[in-house]
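Listed below are the residues making up each chain.
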Amino acid sequence: MASKDFDEWKKAMDNEINSLKENETWEMVDLPKGRKAISSKWIFKIKTNPDGSIDKYKARLVIRGFSQKKGLDYCETFSPVAKTSTIRALLSIAAQENLSLCQFDVSTAFLYGKLKEDIYMKPPEGYSNNDGKVCKLKRSLYGLKQAPRCWNSTITEHILKVGFIQSEGDPCLFKREGKNKLLIALYVDDGLIASASSKETEKFLDEMRQRFKITTKCGSYFLGIEIERKVDGSIKIDQKSYAKKLLQRFGMQNLQSCSNPNC
């Protein structure tokens, strides 16, 4: 918050708080006797495009879920995500059948999950009224052990409700039956769509917008995988950007490649 990008980070924090309020994530109450309020923290991240340019500043409020007590604050926590092999298979089908690709991201996805347990949290840093009240969570918040499971149950229920069938091989792969094929692979709050009809794609996205706040773009960069559609209809995938980040992380970005097979 003391950096030159203060204005961008403050705007990102305000956007996060506004999203929390819009989703009625909590209500302010007095802390019940015998209960302890869990603290939270801010996580800041700059999201970049494949070329390294800044896409957006992201501030996320995360509850310190490591202090939760099993049986009191949570029970089951497992949540599935699409397998890498599933994503590759979807892209292979899209290439073979000339399906168009689109992706979507659900903003503040975990906030749509409903909690069964009573969980209390201290007010976020920088947004406290100093009245002694705490936040009683009504929605799952990032950092909660059960948050991914709550969200996955919510999005799966919605997709099945609008006419999709869930794959038996991968619970995060869905297909809508009909004249035009439409496939969806889910990875937490990111979705990749392969469709034979742009109208079917828009129909599904409209159905999503009725329930969730989403952003969409063409399917060209998904989970660190760069997707390029060739003129002949084939699809090329690579992870050059991801590989460069790894090299930079370990200080190996300036190493020269060796043509000697015995290197």
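Computed from a prediction, not measured in an experiment: that's the story for all the values here.

**Q** Help me understand the sheet that holds strand 12 (residues 221-222) in this model?
**A** Reading across the sheet, the three strands line up as 12-13-14 and stay open at both edges, with antiparallel pairing between neighbours. Unpaired on one side and paired on the other, strand 12 and strand 14 (235-238) mark the two borders of the sheet. Sheet analysis places strand 12 next to strand 13 (residues 225-229), joined by two bridges and oriented antiparallel. Its bridge partner lying in strand 13, Tyr-221 is registered against Glu-226. Contacts from helix 2 (residues 84-96) reach strand 12, strand 13 and strand 14 within the one sheet, and its direction differs from that of strand 14 by about 155°.

**Q** Would you take a moment to explain the nonpolar core for this structure?
**A** The tendency in soluble globular proteins is for nonpolar side chains to be buried as a group. By size, the foremost hydrophobic cluster in this structure holds 61 residues, and its most contacted members are Phe-104, Val-106, Leu-137, Ile-184 and Phe-204. Those residues in contact with Phe-204 that lie beyond four places of it in its chain are Phe-104, Phe-164, Arg-176, Leu-182, Ile-184 and Ile-193.

**Q** What exactly am I supposed to notice about helix 3 (residues 147-161) here?
**A** In an α-helix, one full turn covers 3.6 residues, which means residues spaced three or four apart are oriented alike. Between its first and last C-alpha, helix 3 extends 21 Å over 15 residues, near the 21 Å set by a 1.5 Å rise per residue. Among all positions of helix 3, only Ala-147, Cys-150, Trp-151, Asn-152, Thr-154, Ile-155, Thr-156, His-158 and Ile-159 are buried. Here the buried face of helix 3 lies against strand 4 (100-106), strand 7 (164-166), strand 8 (173-176), strand 9 (182-187) and helix 4 (198-209). Gly-163 sits one or two positions beyond helix 3 and adopts a positive phi of about 105°.

**Q** Whenever I open this one, the environment of Asp-51 confuses me. Can you help?
**A** Note on placement: Asp-51 falls in the loop between strand 2 (40-48) and strand 3 (54-63). The spatial distance from the C-alpha of Asp-51 to the C-alpha of Tyr-142 is 29 Å, given a sequence separation of 91 residues.

**Q** Quick question: what am I supposed to make of the sheet that holds strand 9 here?
**A** Within a beta sheet, neighbouring strands are joined by backbone hydrogen bonds and run either parallel or antiparallel to one another. Taken together, the six strands give an open sheet; going across it, the order is 7-8-9-10-4-11, and neighbouring strands pair in antiparallel fashion. Looking at which strands have only one partner, the edges of the open sheet turn out to be strand 7 and strand 11 (214-218). Ignoring which end each strand starts from, the neighbouring axes of this sheet average 25° apart. Sheet topology places strand 7 next to strand 8; three bridges connect them, and they run antiparallel. Counted as the bridge partner of Ile-165 is Lys-175 from strand 8. With respect to the sheet, helix 3 is in contact with strand 4, strand 7, strand 8 and strand 9, its orientation differing from that of strand 7 by roughly 130°. Of the strands in this sheet, strand 4, strand 7, strand 8, strand 9, strand 10 (190-195) and strand 11 touch helix 4, which is tilted by about 5° from strand 4.

**Q** What should I look at first to understand the state of the cysteines in this one?
**A** Covalent bonding between the sulfur atoms of two cysteines is what defines a disulfide. Evaluated as defined, the whole model comprises zero disulfides. The closest cysteine sulfur to the non-disulfide-bonded Cys-172 is located on Cys-150, 15 Å from its own sulfur.

Parameters and conventions
- Residues numbered from 1 in each chain as written.
- Predicted model: local features only at pLDDT ≥ 70, side-chain atom pairs only at ≥ 80, totals over all residues.
- Heavy atoms only, no water.
- Pairing = 2+ DSSP bridges.
- Helix = DSSP H or I, 4+ residues; strand = E, 2+ residues; numbered from the N terminus.
- Contact = heavy atoms within 4.5 Å.
- Axes fitted to C-alpha atoms, helices over the stretch in contact; angles between N-to-C directions.
- Core = buried A, V, L, I, M, F, W, Y, C linked by side-chain atoms within 4.5 Å.
- Buried < 20%, exposed > 50% of the residue type's maximum accessible area, 1.4 Å probe, protein only.
- Expected span 1.5 Å × (residues − 1).
- Disulfide = S-S within 2.5 Å.

None of this, on its own, says anything about what the molecule does.
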